[in-house]
Structure formats: C-alpha cells, structure tokens
Amino acid sequence: MDDNILEMDSDNDDFDESRLGMIHEEVVYPEEFLPTYCGIKADESEKKTNLVEYNNQPDSLFFSDGVRSVDFILVYEDEDTKPFDKKFTCKRHKKRREYFESCLMQMGLELEATPSVHEDNLIYVKVHVPWEVQRTYAEVLHIKIPIEVNDHVNRTPVGNLFDWITKYFKPNEKLIKKEVDYYTAPYQRHHHDCFLKMDKEKVFTPSMKSRMANFIMCRAPYEIRGNVKKFGITKLLSGGVYKAAYAPHDCRFNVKSTVESCPNERYLLYKEWAHPKNFYKTQPLDLIRKYYGEKIGIYFAWLGFYTKMLAFASVVGLACFFYGYHIQENSTWSKEVCDPDIGGKIVMCPQCDLCNYWILNSTCDTSKTLTIFDHFGTLVFAVFMAVWVTVFLEFWKRYQSQLEFEWDTVEFLEQEEPSRPEYDAACVHDTINPVTGVQEKVPFTFCGRCFRISIGIGTVLFWIILILASIVAIIIYRLAVFFSLSIKLKNPGNFTTLEPLKEYVTPQMATSVTAGLINFVVIMILNTLYERVAIWITDFELPRTRTDYENSLTMKMFLFQFVNYYSSCFYIAFVKGKIVGHPGQPVYILEKYRNEECDPGGCLIELTTQLAIIMGGKAIWNNIQEVLLPWVKNVIFRYCTRVTHKKVEPPRWEQDFELQPFTKLGLFYEYLEMVIQFGFVTLFVASFPLAPFLALVNNIIEIRVDAWKMTTQFRRILPEKARDIGAWQPILQWIAILAVATNAMIIAFTSDIIPRLVYYWSFSVEEGYGNHSMSGFINSSLSYFNTGNFSEATVTDAVERPPNITICRYRDFRFPPGHPREYQYNMHYWHVIAAKMAFIIVVEHVAYLTKFILASVIPDVSHTTREHLKRERYLTQAIIHEVRLNLVSKRLKPVKDDLASHMARNDHSDDELELSEY
C-alpha cells in the first residue's frame, strides 16, 4: 500500500490486501478507479448505473429483469434536485458517487437504480453479486458450505412424554422446519467439485451475499487526487454522498411475500420469535443465525442460556426471600427491638451533631424488613450462588462449543481475520513481522503506540476519578440530608416515646432512597458522556482488527461501568458505618461532616434498597430506550417523508429505508447491559436474594424486546462472523471470581449473621440465658455511653437535648464508662472480628476449591461434539484427497492412453516381424 493513502473506511469484514491482486486477477479495472495495491490493468471505459422505473411489485427483490436478486441497497439524494446554493457540494458528491459505482461494476458487482415512490428526490441503487463474484469472495471470507450430510443419527427416542410436553415450548415445527445438518468446509474455487451438489442459487444464502457486497463496497475507491486515494462506503455515508447502505429484508414482518421463491424468514421470525405472545417459547436460533448472522445468533444463544440458568437461581432466591418473610414476626432480635419493655426503654445516642436522642423501637418496621434479607438462609443462598455461577460459565462454554460446530465457526481464527481499513490507511512505517520475517507497514512506531496507549489509559483514569468524585459528593449529600431529616422526622417533645412522624419513614431510609435515585441519575448522565469518549479513545488507539477494536472498547467501557454502577454499592457494603468512632469521639470527613452511621440493624437494608433502585431503574430506562425511541423515530420519519397524494405501495427496499439503522455498536450495548446485570446478580446477591428473580423477569422481556426491535423497527442487520462472545467471556469469569469474595465480605461485615452466631454459641450462655439462645442479643450488641462525655464539637445550641438522660446506647462492642479501658474495644469485639476473618477465609477457600473442581470435571467440549469435529475433518481431508487423485488420474489419462497405444503398436510390429521370419 502506498504511504500516502490517507483515508479508508471501516466495515465488519476485512481482508488482507496482499490477496486482492490474486482475487481479481481475471477482471480488468481502470487504473484511476483503484488504489495502487490492486495491481490491475487499466481499461478506458467507465460504466454507469442504469436508471429504471419501479415495476409496481412491492414484494419483489429482483432487478427489472426478474432474474438477478437484490443483495444490497444504496440510497442517495438526487443532486439535480437540490437548491442552487448547494450545487458545488452536490457536484462533488455526484462525482464521488459515480466514481464509486463505476468501481463497483468494474469489480464485478451489477447495479440498477430506481427512483423513490414516496420521495421524488431519492434514488435507490440495487446491488447484485453475480455467481463468479460469489465464488471469489466466498473463498476470501472463508465461508463454509456443505460437503456431506451429517450421518450421525440422533439416538434420542421420539414420541416420549418429555417431547410431548416440551413441544408446546418450542417454535411451530411446521412453520420453522428443522434444517438438514451438514458437514462443511471452507469454500475453494479449485475444489468446487468436492462440495455437495446443489442449485447455485442456494449455495450461498442472502445473508452471505450481502456480506460479500458490503465487503467489496468497503474497499472500492471513490476519489483519487494525485497519490491520495480515498475509498470505502462508510466515508461516503458520513459525508452525505449516500443516505443509507443496507441489506434488504426478505419480506414484511407481519405479511408473507407474494413471491413464491421468498423464504419469508423475517415473517417467521416475527410470528414465532419476536411476537410477545411467544415469551414462553424457546428461540429458533438456527433461523436467527441464518437471517442475521452468527454474531447476532451467538448473542441470543447466550442471553437465552443465561436466562434459563437464572430460573434455577430464582427458585432458590425466592425460597430464601419467603423464608425470611415468614420468620420476620418470630425473629428474636426483631421482637426485642419492637418490644416496649426492651427496645422501648433503650435510648440511643444521637447519630449526628444536629441530632437528638431517639428510642430504639422507632426502627421496629425497619428491623422487621431487615429480617427478610438478613437471616441464616442468606448464607446458604450465597454459597449456592457461588456454585451456580461456576456451573453457568462451564456449561455455557460447553454449549458454545456445540454452536461453534453447528454454525461452522470452529476454524474462524484470529489469524484469518484481516486488518481494519482504518488501520491499513494509516500504515506509513516499515517494520519486520516477527513471525514471518517479512517487511510490512504499520501505522505507528513503538513510541507512537506507547503514546496512544498512555493517552487512552490517562483518559480512562480521569473519568474513573470523576466517578469517585461524584460518589464523594453523594456521600456529603447523604450526611447533609440525614442531619436535616433527623431533626424534622423526630418529635422532640417526649423522649420516652420517640416515634417517626410517618410510620414507615426513618431518616436512614429516606436518605438511602433519595441518594439512590440521585446516584442512578448521575450514573446515566456519566454513561452517556463516557460512551463517546471511550469510542474516541479506541479510534485514536487504532486497533488492527475488528476483534481487537471491540475487545479494547469492551475493556474501557466495562471498567468505567464497573466503577460507575458498583462504587456506591461497595461504599454502602464495606465503608459506611465502619469508621465512625464512638459518640464521644466521632470521625469527621473534611473536618466538617460527621461520618454517617448504619441503622441499628446494619447497612444491609440500605444496600438492598440501593440495588433495587439501580436494577429496577436501569431495566425500566433501557426498555424505554429500546422500545419507545425506535418506534417514535420511525413514526416521525414516516410522517415527515410520506407524500399523501401517492397511493402506490413502495417496494421492499424503500420500506426498509424508513426503518432505523442498527449501529455497529448496537450489539455491544446489549452485551454491556446484560453483563452489568450479571454483576448485580452475583456480586451483591447475599444482600438481595430477589436479584436473580428480577433479572429473570427482565431477561424474558429483554429477549422479546430485542427480537421485536430487530425484526420490526430496524433495517436488516449486516451479518458478521463470530465464534464466541468475545472479551465478555473473561469479564464474566472475573466477575464470578470476585463475587465469591464480595458475598463472603457482605455476610461477614455488612450483615449481622456472624455477630449473631458468635453470641448464640458463646456469649448467650455467659450472660445467664442458660442454653444457647438469641435472647439478649440486641442488648449485647449495644454499648453504653455517658452523655457527660460528649466532646464540645458534638454539642451545639441548635439542638436542645434533655439533661435528664445520662446514659445512651450506640452500636458497637466497647467497654462501658467507668471501666479502666472505657470506650475501647472489648473481648466481644475481637471474638466477632476473628469469627468474621475465619468465615471469609474458609468460605473463599471452599468456594474456590469447588469452582476449580467443577471447572475440571465439566469439559469445555462434549464428547459428541468432539466426535462430530473429528468426523468433519476426516471427511474434508478424504474428499479433497479423492478429488486430487481424480484430477491426477484425469491428467495422466492421455499419457496412459499414449503409452498403451505405443505398446500396442510395438506388439503389432513384433508380430509382423515374427510372421515375416516364419
């Protein structure tokens, strides 16, 4: 490639430029139309696109001759209809467009233009990929086609009770027939006879042909100025030369096509998959993959598998929740809090400098609510989830390997993926490839690469610091609001019967809810801003392949989202209420704001509230974005563009133009949404057992919403090849490992399970309750404080505290006033700390050992899939070997015939000689 190629555009499929000359060796191109790397001879003629009228056949996806299929659509605005003040720009656009289309035709594509029915200024260019071009690019793109029918018979008995029950949860097999399973191999032109004989119109599917067309258009030049060459459809779209470029849907989503040859795959997908009434049915993954490509198919396969696995976690989580709900009235510590003779007589110390004393039983309702989530069943559920997440990931890898074989992506390796056009366009520096030893071009030197990476890392760190700053601001908001609400929601009149003004509102709860809502709003705002920054950084780093680009963007986005979504939860779980000192010597933030304390029941209920707000708000917001926005945009577009006096039904490609384009990062955001949800389900599930159930309900809706959106509101998504879920797989595994530690620490440091166990097995007997009992736990968990020991900083004239209260209680394990070590940690505290640390170590080691054993026992590839892979490789090698032998035999046949003829003549001469001698 020339050093002075300055512009090149991106696409979903890229290939090695060194192969281009080989690919087009039989085609002749004008030199001025092609980049210098093509190395193809010149032709003086310049082809132009024919303009034909619409044939009033709205369901037809053929050229005007009714033979050539429409594989791709380009849309542009007729430059002659634009106003005079834009003539110069229009002239340049027209020149580039004609230049580009001429190149496409010279590269083998066939074009035909048709005016719009609804808009007089729009022209639709239909693109057809001829058979020979299909064969050429099928080899370039490593497209696999059948070589033989799969002869492995499914031994599962047919007609049993299980099949009879499950058939009602599957798509209608009469409409979506099961496809024949083939062994496949990458297509090669010179081995065409090796592959299964079939009609050439059926060898390559419409999605394959649209992928080929887009691949070519990504590399066709549109302008050359001296040594500067510009090419690629993406730049023409962003520059306004074309308004859209897309593959057409095969029919309307709710009406079958009138064309007999149309497979009506879009209609079938809507009827049996995208329609909301099918929420209980499994997904037709093979048809999804066939219509949208492997990348979309693997996403829905993963989402469906994840949703099925959530069903098991949801059952256990619901059981844990209902168990807690059942025991909330019978819980000993909850009864003690609500008991007028116990909690009603315990005066609690002020929780802020502007707060007053309060009575413990004022938190009775909060204590009962906490019991629903903070009980011994939560411990069992946390251990179960540690095992569940491992089983999920291991069985997904197993299922993924099966899809790789069935969808022919086993050999889709990274070395087969060519570089991105943007990367090739920036290659100006020479270097030696360490693998091949061949000199090649790279876009930047080692120092340049380090500089770009440093800029990217610095930008990401800046935004993470910005998130942390927002968290600090929310913490200060919590403190200020808590101080205010503590004054307004408490009755300062009778300090022996202090109750909230509202039955279910406490300062802690009100602060948690409002802070959670504000935090959610801040999260969504920062997400919107950072998305653009992350894309800009990744573009600046210039990754080589499309996979490298997506992986780099994935890591940047997830790192930011991880801090953005989870930082507030980590603060509540592991920071809040942990460093508060005691009433006589509290800890201050910025020497002004007193560090906030947890409710007497602990911070677990606040963590639960925060999770519910973020998970619920995120699900509602995402569904609004995914359902309402595309639908509203389409309605507005149709209203603004339709011409009322024209009653002619538009053709298929014009109907598709009225739909929304599916962006290249659309699927990325779908993955990101689900992975963030996976983090909520696993990282903090010990505090919110309902998280798997809420995720299950959301995902059941999400599958149908995504299906409905892609099938009805978006243009047909350009097919892409993918063998797995990419960088999301290691991210999920990393979350699974972290989840064990976070849940163990939540149970140890955020909930009261460990202090209760320590009290039950040790201190309950010492305090004179006879047998092991939870009676007296509340009194044991609260320390005494002499109100005369308040420091001057904690006493203010703004709040008048009653002088008759000499002793108040606070949540901690410290020696009482008058003790030689007053207000220092007592032996109970160190017992609890030792038990917490021991619990974390034991649980983590047991959980990680279990994860390791499960990962070792469950193979990533099943025995059946291994057999199929071996069988496919054997057949491929055997058939190719047989064809080569036949080819050699065919070439040696003339030599063999000549040799036989020569030997026959020699024998005849010898016979004549013998006769003459005789």
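Bear in mind the structure is a predicted one, so any value in this text is a computation, not a measurement.

**Side note on the overall build of the chain**
Inference 1: Per the secondary structure count, the chain includes 26 helices and 20 strands.
Inference 2: Among the 918 residues that make up the chain, the fraction classed as buried is 53%.
Inference 3: Across the chain, the fraction of contacts at a sequence separation of at least 24, relative to all contacts at a separation of at least 6, is 78%.
Inference 4: Entry remark: accessible area of the chain is about 43600 Å², with carbon and sulfur atoms responsible for 60%.

**A short note on the sheet that holds strand β10 (residues 244–246)**
Inference 1: If you walk across this open sheet you meet the five strands as β2-β4-β5-β3-β10, and the pairing is mixed. Since the sheet does not close on itself, it has two edges, and those belong to β2 (50–51) and β10, each with one partner.
Inference 2: Where strand β3 (residues 72–77) meets strand β5 (residues 122–128), six bridges bridge the pair, whose relative direction is antiparallel. Of the residues in β5, the one forming a bridge with Phe-72 is Val-127.
Inference 3: Together, β3 and β5 form the strand contacts of helix α6 (residues 206–217), whose direction differs from that of β3 by roughly 45°.

**What about the environment of Asn-699?**
Inference 1: Assignment of secondary structure puts Asn-699 in helix α21 (residues 691–713).
Inference 2: For Asn-699, a relative accessible area of 0% corresponds to the buried category.
Inference 3: It is 8.7 Å that separates the C-alpha atoms of Asn-699 and Tyr-306, two residues lying 393 residues apart in sequence.

**Concerning the packing of helix α20 (residues 666–683) against α21**
How two helices pack is summed up by the angle between their axes together with the distance between the axes.
Inference 1: Packing of α20 against α21 brings their axes to within 10 Å, and their N-to-C directions diverge by 170°. Between α20 and α21, the angle falls in the class roughly antiparallel. The residues of α21 that touch α20, namely those facing Leu-667, Glu-670, Glu-673, Met-674, Gln-677, Phe-680 and Val-681, are Ala-691, Pro-692, Ala-695, Asn-698, Asn-699, Glu-702, Asp-706, Lys-709 and Met-710.
Inference 2: Looking at the contact of α20 with α21 residue by residue, the class counts come to eight nonpolar, three polar and five charged.

**Remarks on the UniProt feature "transmembrane region" (unreviewed entry) in the chain**
Inference 1: Per the UniProt record, the feature "transmembrane region" (unreviewed entry) sits at residues 299–325, 376–396, 460–485, 505–526, 553–574, 675–701, 731–754 and 829–849.
Inference 2: Taken end to end, residues 553–574 is 100% helix and 0% strand, and its first and last C-alpha atoms sit 30 Å apart.
Inference 3: Secondary structure content for residues 731–754 is 92% helix and 0% strand, while the C-alpha to C-alpha distance between its ends is 31 Å.

**Let's talk about unusual backbone geometry**
Inference 1: In this structure, Asn-56 takes a positive phi of about 60° despite not being glycine.
Inference 2: One can find Asn-56 in the loop between β2 and β3.
Inference 3: With a relative accessible area of 53%, Asn-56 lands in the exposed category.
Inference 4: In the Ramachandran plot, Tyr-823 falls in the positive-phi region, its phi being about 65° despite a non-glycine side chain.
Inference 5: Tracing the chain through its elements places Tyr-823 in the loop between β20 (807–811) and α25 (827–857).

**Here we look at α21**
Inference 1: Taking 1.5 Å of rise per residue, 23 residues should cover 33 Å, and α21 covers 30 Å from first to last C-alpha, within 8% of that figure.
Inference 2: Within α21, 18 of the 23 residues are buried, which leaves the element mostly enclosed by the surrounding structure.

**Some points on the state of the cysteines**
Inference 1: Per the stated rule, a full pass over the model turns up two disulfides.
Inference 2: In this model Cys-338 forms its disulfide with Cys-364; the gap between the sulfur atoms is 1.9 Å. Across the S-S bond linking Cys-338 and Cys-364, the dihedral sits near 100°, which makes this disulfide right-handed. Here the residue Cys-338 occupies a position in helix α11 (residues 332–338), and Cys-364 occupies one in helix α12 (residues 364–373), the gap between them amounting to 26 residues. Cys-364 shares its class with Cys-338; the two are buried.
Inference 3: Here Cys-349 pairs with Cys-808 through a disulfide, and the sulfurs are 1.9 Å apart. Between Cys-349 and Cys-808, the S-S dihedral sits near 90°, and the bridge is therefore right-handed.

**Focus: the pattern of salt bridges**
Inference 1: Applying the stated criterion across every chain, the model contains 29 salt bridges.
Inference 2: Residues Lys-709 and Asp-706 are paired through a salt bridge, measuring 3.5 Å at the closest nitrogen-oxygen approach. Of this pair, Lys-709 and Asp-706 both sit in helix α21, three residues apart, roughly one helical turn. A single burial state applies to Lys-709 and to Asp-706, both of which are buried.

**Notes on the environment of Lys-243**
Inference 1: Summarising the element assignment, Lys-243 is placed in the loop between α7 (233–238) and β10.
Inference 2: Lys-243 sits in the partly exposed class, given a relative accessible area of 44%.
Inference 3: Residues Lys-243 and Leu-74, 169 residues apart in the sequence, show an inter-C-alpha distance of 7.8 Å.
Inference 4: Not counting the four nearest positions on each side in its chain, Lys-243 is found in contact with Val-75, Tyr-76, Glu-77, Leu-122, Leu-237 and Phe-657.

**So, helix α8 (residues 265–274)**
Inference 1: The buried count for α8 comes to nine of ten residues, which makes it a mostly enclosed element.
Inference 2: Those residues of α8 not exposed but buried are Glu-265, Arg-266, Tyr-267, Leu-268, Leu-269, Tyr-270, Glu-272, Trp-273 and Ala-274.
Inference 3: Looking at the buried residues of α8, the elements they touch are α9 (285–292), α10 (294–327), α19 (652–657) and α21.

**A short note on the environment of Val-383**
Inference 1: With respect to the helices and strands, Val-383 occurs in helix α13 (residues 376–406).
Inference 2: Here the alpha-carbon distance between Val-383 and Ala-744, two residues 361 residues apart in the chain, equals 8.8 Å.

**Focus: the packing of aromatic side chains**
Inference 1: Evaluation of the coordinates by the stated rule reveals 57 aromatic pairs.
Inference 2: Lying over the aromatic face of Phe-215, Arg-219 brings its terminal NZ or CZ to 4.2 Å of the ring centre.
Inference 3: The ring of Tyr-825 carries Arg-814 above its face, with NZ or CZ at 4.3 Å from the centroid.

About the cut-offs
Residues numbered from 1 in each chain as written. Predicted model: local features only at pLDDT ≥ 70, side-chain atom pairs only at ≥ 80, totals over all residues. Heavy atoms only, no water. Helix = DSSP H or I, 4+ residues; strand = E, 2+ residues; numbered from the N terminus. Buried < 20%, exposed > 50% of the residue type's maximum accessible area, 1.4 Å probe, protein only. Contact = heavy atoms within 4.5 Å. Areas by Shrake-Rupley, 256 points an atom, 1.4 Å probe, with all protein chains shown as cover. Pairing = 2+ DSSP bridges. Axes fitted to C-alpha atoms, helices over the stretch in contact; angles between N-to-C directions. Parallel < 35°, antiparallel > 145°, perpendicular 65-115°, else oblique. Nonpolar A, V, L, I, M, F, W, Y, C, P; charged D, E, K, R; others polar. UniProt positions renumbered as here; feature names shortened; annotations may be inferred. Expected span 1.5 Å × (residues − 1). Disulfide = S-S within 2.5 Å. Salt bridge = Lys/Arg side-chain N within 4 Å of Asp/Glu carboxyl O. Phe/Tyr/Trp six-rings, centres within 6.5 Å; stacked < 30°, edge-to-face > 60°. Lys NZ or Arg CZ within 6 Å of the ring centre and 35° of its normal.

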